[in-house]
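For reference, the chains in residue letters:
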Amino acid sequence: ISLGPLHTSISPQFCIFSHLPIGVSIHLLLVSENRMVYLISVHIPLAHNEDLTKIIKYLQDEQGSKNCALSETNTHFEIRCRVSHSYLSEVLDSLESFGVGVDYGVVDVVDLVSTAPSIQRTRHKGFRQNGLPLRLIRSMVSGGAGVSVDYCLYVIVASTLAGIGLATNNAVTIVASMLVSPLLGPISAICFGVLMLDSKLVIKAAVSELIGLTLCFLTGIFVAFLTVPFTGERSGFITQYDWLNDEMMTRGSYGSLFTGLFVAIPSGIGVPLSMMGNNINSLVGVAISAALLPPIVNSAMNFVFGLTGPILNPNNITIEQARLGLEVAGYSFALFIENLLVILFFSVIVLKLKKVGPLKRMSKWYTSLPTLSVGSGYGSLEDIEGETWREDTSGDRVDPYQRTEPTKDDKRLQSENMV
């Protein structure tokens, strides 16, 4: 009765209806930006019922989850409870310590759009509790650490913006290039991979970062060849670029290494905090302050300016200016190396304080949930949607997932259900 009004009033993306022995269940999938409350669903095989009391007691006593729900099927137990965003990581770590998801069972986490009554938030007990779970963070950083067509295009676009901003002495365009640049993603993946002892993630992120830096340098060279011949004063309708301007010199001098150090330190602290807290606003600010892309582009452009400037534009570029351009290129490259190493060092320290470590792997003796049998007998997938369980003539409960031959009573019941 309620499915029609639900579709017409709130327009969910998906609406799933299932019939259970104790009632009906309606699941709706909606999109929401509010991610403060999560629904945890723990599935435990019947053979591990001795851990059921420990898990429920932990959720109710230590986490204050007063609305825990327990249900039993023919194959497993299911515990469901609501957890606030601040304690999600702690709860999942504790469930892993009980063996759920590692030695047996399954843990599912669902983001709730809204819930009533609201969960009362208590004071934090640790330094790492207010953050995303490590498994979710690992998936996020791994997704941003790979090389793809979009990643390469973003690097090229950001490098082009930085090159144009440097050539025209335009600070706004340079800031825009920092926002487009994806170079911070692989660096974050390297930091998490080191502490998680995930060598595949570290290698994947390092290769991605090297490819991105190579594209930055090549794009800077390309922009330099387009702009160096027009270096000088304005002439007619063509805007001739003023090389070795303020934006270039601030990233290519000895003093930039000193000031860049004090900018890279807070940037290295802010990167892991933004990633673990899923704070997009602070992550944007960190991307601007880190300033990884403009120095490498500036180095490539001034490298071309120093080597080919007097040849491409002999009227406006002198040998002394070309030598100064090579000096700026060297300091810019050194500034990039400094920013990279400082950000990596301080990010690893913060993640260590946040107690980031290796993820627990699935045990060799992992006990999975029983699977449904596929066949034509009673209890198979072809027959299970008609009935979920039954009792035989002796009153004993029969497992519907166990493949058996249908009896006369079974066939009669099947015929009645079909009618």
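Residues numbered from 1 in each chain as written. Predicted model: local features only at pLDDT ≥ 70, side-chain atom pairs only at ≥ 80, totals over all residues. Heavy atoms only, no water.

A. Geometry of the overall build of the protein chain. Tallying secondary structure elements over the protein chain gives 15 helices and eight strands in all. Buried positions account for 41% of the 419 residues belonging to the protein chain. For the protein chain, the proportion of contacts with a sequence separation of at least 24, taken over those separated by at least 6, is 74%. When the accessible surface of the protein chain is summed, it comes to about 23,300 Å², and 61% of that surface belongs to carbon and sulfur atoms. (Helix = DSSP H or I, 4+ residues; strand = E, 2+ residues; numbered from the N terminus. Buried < 20%, exposed > 50% of the residue type's maximum accessible area, 1.4 Å probe, protein only. Contact = heavy atoms within 4.5 Å. Areas by Shrake-Rupley, 256 points an atom, 1.4 Å probe, with all protein chains shown as cover.)

B. How the structure looks around the pairing of strand β5 (residues 76-84). Extensive coverage of β5 is indicated by the burial of eight of its nine residues. The sheet contact formed by strand β3 (residues 37-45) and β5 spans nine bridges and is antiparallel. When the sheet's bridge partners are listed, Tyr38 is paired in β5 with Val83. What sits between strand β4 (residues 69-72) and β5 in their antiparallel hairpin is a turn of three residues. (Pairing = 2+ DSSP bridges.)

C. Broad picture of the pattern of salt bridges. A full pass over the atoms with the stated rule returns two salt bridges. For Arg80, the salt bridge identified is with Glu78, shortest N-O distance 3.9 Å. Looking at Glu78, the relative accessible area reads 18%, which means it is buried. Residue Glu247 pairs with Arg251 through a salt bridge whose shortest N-O separation is 2.8 Å. (Salt bridge = Lys/Arg side-chain N within 4 Å of Asp/Glu carboxyl O.)

D. Region of the structure containing the sheet that holds strand β6 (residues 106-112). Within the open sheet, the four strands sit side by side as β4-β5-β3-β6. Their pairing is antiparallel. Strands at the two margins of the open sheet, each flanked by one partner only, are β4 and β6. Across the sheet, the mean angle from the axis of one strand to that of its neighbour is 20°, orientation sign disregarded. Here β3 runs beside β6; their pairing, made up of seven bridges, is antiparallel. Bridge pairing in β6 links Leu39 to Val110. Sheet strands in contact with helix α3 (residues 88-98) are β3, β5 and β6, and its direction is about 5° off that of β3. (Axes fitted to C-alpha atoms, helices over the stretch in contact; angles between N-to-C directions.)

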